[in-house]
Amino acid sequence: MTLPAPYATSPAADHGLEARLASRLAPLATQEGFAATPLPGVQLITSHCGHARTPLMYEPSLVIIVQGNKTGYLGDRIIHYGAGHYLIQAMPLPFECETHASDTAPLLGLSVSLDMAMLGELVRRLPTAPPTRMPAPMAAVDMDADMGDSVMRLIDCLHDHEQAAALGDGRIREVLFAALRGPQGASLRQLVAHHGQYSRIAEALTFLHQQYAQSLNVESLARRVNMSASHFHHHFKRTTQL
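Thresholds, definitions, all that
Residues numbered from 1 in each chain as written. Predicted model: local features only at pLDDT ≥ 70, side-chain atom pairs only at ≥ 80, totals over all residues. Heavy atoms only, no water. Helix = DSSP H or I, 4+ residues; strand = E, 2+ residues; numbered from the N terminus. Buried < 20%, exposed > 50% of the residue type's maximum accessible area, 1.4 Å probe, protein only. Contact = heavy atoms within 4.5 Å. Areas by Shrake-Rupley, 256 points an atom, 1.4 Å probe, with all protein chains shown as cover. Polar contact = N/O pair within 3.5 Å; in protein donor to acceptor, adjacent residues only side chain to side chain. Pairing = 2+ DSSP bridges. Axes fitted to C-alpha atoms, helices over the stretch in contact; angles between N-to-C directions.

> What is the right way to look at the overall build of the protein chain in this model?
Counting its secondary structure elements, the protein chain contains eight helices and ten strands. Here the protein chain, with 242 residues, has 49% of them falling under the buried criterion. Of all intrachain contacts in the protein chain linking residues separated by at least 6 positions in sequence, the fraction that spans at least 24 positions is 75%. A total accessible area of about 11,800 Å² is found for the protein chain, and carbon and sulfur atoms account for 53% of it.

And the structure:
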């Protein structure tokens, strides 16, 4: 099944960089769907066909697309992320997703889990950022040169098990650092600002995702993150934008 892509790429996209990333990643993409790599927390994403709008949930992660396109639907928002973009998924939110790919032009990408300890260390080393409005919990970002170079070094690392063992954590740090300095870096900063409402809602969503088989209600989730039920309800809607 081939779905027509809703757009090609960002007007500012570096098509040469996209092609280099795709050609370097393609030899690793031998398994359909999500596939493990030598680096814990880093997965390959491959699809040789399109997929219609389907319910989905990503773990908190960066989803980096180097070929093909995806369209996400979160509430009334439509989020296009394709070649030359990365998706910041700051919270484990359920959404719907379309994949635009074909056998001759498969979707290729990487998923990099958000390591909170690593993020926290990086944030502490950066200057304090000025206050911003509530960041989006899920947003697509154009891949700039710094992010593109970091992703290329990460992909190179996946080709060599010894390099992955010795340098893998550093390559992941570079990618997270580039995302922190990008236009949606505030959502990552607020995840590790433990005193903020954003991180509390993220903690509640992660617990809900992990314990979905339990009987949970607003009151129990609010207690878990030390909020009143009314404040939890207000900030949940404001943070998730649902």
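> Would you mind going over helix α2 (residues 116-125) with me for this structure?
Each α-helix winds once per 3.6 residues, and so residues spaced three or four apart point in a common direction. Of all the residues in α2, the buried ones are Met118, Leu119, Gly120, Leu122 and Val123. In this fold, the buried residues of α2 make contact with α4 (161-180) and α5 (185-191). Between the side-chain oxygen of the N-cap and the backbone nitrogen of Ala117 there are 3.0 Å, and the N-cap of α2 in question is Asp115.

> Would you take a moment to explain the sheet that holds strand β1 (residues 33-36) for this structure?
The strands making up a sheet are joined through hydrogen bonds of the backbone, oriented either antiparallel or parallel. Pairing is antiparallel in the open sheet, where six strands are placed in the order β1-β2-β9-β4-β7-β10. Every other strand in the sheet has two partners, leaving β1 and β10 (138-142) as the edge strands with one partner each. The average angle at which neighbouring strand axes cross in this sheet is 25°, direction not considered. The pairing of β1 with strand β2 (residues 42-47) spans four bridges and is antiparallel. Its bridge partner being in β2, Ala36 is matched across the sheet by Gln43. On top of the sheet, helix α1 (residues 15-25) reaches β2, β4 (61-67) and β9 (107-113); it is set at about 100° to β4, its chief contact. Along the sheet, α4 makes contact with β2, β4, β7 (85-89) and β9, crossing β4 at roughly 95°.

> Please explain the side chain of Arg171 as it appears in this structure.
With respect to the helices and strands, the residue Arg171 is situated in helix α4. For Arg171, the contacting residues outside a window of four places in its chain are Arg153, Leu154, Cys157 and Gln163.

> Quick question: what am I supposed to make of the pairing of β7 here?
The buried count for β7 comes to five of five residues, which makes it a mostly enclosed element. Side chains His85, Leu87 and Gln89 of β7 all project onto a buried face; the interleaved residues Tyr86 and Ile88 project onto the opposite face, where all are buried too. In terms of strand pairing, β4 meets β7 through five bridges, oriented antiparallel. Pairing of Ser61 across the sheet is with Gln89, part of β7. Examined bridge by bridge, β7 and β10 share five bridges and lie antiparallel to one another. In the sheet register, Tyr86 faces β10, and the bridge partner there is Val141.

> Just to check I follow, could you spell out the sheet that holds strand β5 (residues 69-74) for this structure?
On the basis of which strands lie adjacent, the open sheet formed by four strands has the order β3-β8-β5-β6 and antiparallel pairing. In the strand order of this sheet, the two ends are held by β3 (51-57) and β6 (77-82), each with one partner. Taken over all neighbouring pairs, the strand axes of this sheet differ in orientation by 25° on average, direction set aside. Pairing analysis gives five bridges linking β5 to strand β8 (residues 94-100), with the strands arranged antiparallel. Considered in β8, the bridge of Thr71 is made with Glu98.

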